[in-house]
Amino acid sequence: MNDNIFNWETILNQSSKFQNAKPFPYGYIKNVLNEELYEKLVKTFPKEDEKWHRVKDWSRTASKRYFCDEQKNAHAIKEKNDSLSKEWNLFYEYLFSDDCIKKISEYIGIKLSGFKHFAFINNHKGDFNMPHYHFEDSQKGENSYKVTFLIYFSKGWSKGNGGTYVSENDDEDSIIFEPQDLDNSMMGFLETPISWHGSRVITKEQIRHSIQMTFF
């Protein structure tokens, strides 16, 4: 199964780059998923309907939904969802597997215990995410997690409206890296007290499709 989901050789070849990144561990990888699976996931990326909710406050805007229809919070539930494609169910199930946890642990250089959170995200024109970090929230008891990843499913994405960037502090002038190729690519960072990140406002009529997932 693992050879048909993630391109682990590509990912693990960049483990040292992630682990040694400054000022905190982060990494960006192209061609992260098996191409055949990726094409099917793009084709069946869920459409926005009543299962989605709008995140909107002074610091960010986005449209989100969880994998399971009945899920009310950020905790991933290991259940099949017949309203989503068999490919999405296969992918989601694999995130809970020992093999996936082991490989992600090897990539980031920290032993992980499991899979915590999953969300589909659509960002439309005008959406943004101001620079922030999760550290206090990511360290709380049963809600704790150690690393965050975003995988992008946006073919033909226009450069200049990038994905999640990482920065040195709470302003966009301090951006360290901002991914521009959002077609089968992954951005990730370790949860630390200085893991600043965000996304610039989208200025064009396009939708940035992605998933967010965390591991503990």
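Residues numbered from 1 in each chain as written. Predicted model: local features only at pLDDT ≥ 70, side-chain atom pairs only at ≥ 80, totals over all residues. Heavy atoms only, no water.

**Details of the side chain of Glu-87**
Logical step 1: Checked against the element boundaries, Glu-87 lands in helix H4 (residues 86-95).
Logical step 2: One buried charged residue, Glu-87, remains without a salt bridge, the closest side chain of opposite sign being Lys-40 at 4.3 Å.
Logical step 3: Apart from residues no more than four positions distant in its own chain, Glu-87 is found in contact with Leu-37, Lys-40 and Leu-41. (Helix = DSSP H or I, 4+ residues; strand = E, 2+ residues; numbered from the N terminus. Buried < 20%, exposed > 50% of the residue type's maximum accessible area, 1.4 Å probe, protein only. Lys, Arg positive; Asp, Glu negative; His and termini not counted. Salt bridge = Lys/Arg side-chain N within 4 Å of Asp/Glu carboxyl O. Contact = heavy atoms within 4.5 Å.)

**Details of helix H3 (residues 35-43)**
Logical step 1: Every buried residue belonging to H3 is among Leu-37, Tyr-38 and Leu-41, and all of these are buried. All buried residues of H3 lie within an arc of 100° about the axis, which places them on one face of the element. Facing away from the buried surface of H3 by more than 90 degrees, the exposed residues are Glu-36 and Lys-43.
Logical step 2: The elements touched by buried residues of H3 are H4, strand S6 (147-153) and strand S9 (183-190).
Logical step 3: Its side-chain oxygen at 3.1 Å from the backbone nitrogen of Glu-36, Asn-34 defines the N-terminal cap of H3. (Arc of directions from axis to C-beta. Polar contact = N/O pair within 3.5 Å; in protein donor to acceptor, adjacent residues only side chain to side chain.)

**Digging into the packing of H3 against H4**
Logical step 1: Across the interface, H3 lies against H4 with an axial gap of 9 Å and an inter-helix angle of 120°. Judged by the angle between their axes, H3 and H4 are oblique. Taken as a pair, H3 and H4 cross one another with a handedness that is left-handed. Across from Leu-37, Lys-40 and Leu-41 in H3, the residues of H4 making contact are Glu-87, Trp-88 and Phe-91. (Axes fitted to C-alpha atoms, helices over the stretch in contact; angles between N-to-C directions. Parallel < 35°, antiparallel > 145°, perpendicular 65-115°, else oblique. Left-handed = near helix turned anticlockwise from the far one by under 90°.)

**Brief notes about the pattern of salt bridges**
Logical step 1: Scanning all chains against the criterion turns up 13 salt bridges.
Logical step 2: Ionic pairing is found between Lys-51 and Asp-49, a salt bridge with its closest N-O pair at 3.8 Å.
Logical step 3: The class for Asp-49 is partly exposed, based on a relative accessible area of 33%.
Logical step 4: When the shortest N-O distance is used, the salt bridge between Glu-50 and Lys-51 registers 3.7 Å.
Logical step 5: Relative accessible area serves as the criterion here: at 68%, Glu-50 is assigned to the exposed category.
Logical step 6: Looking at Lys-51, the relative accessible area reads 28%, which means it is partly exposed.

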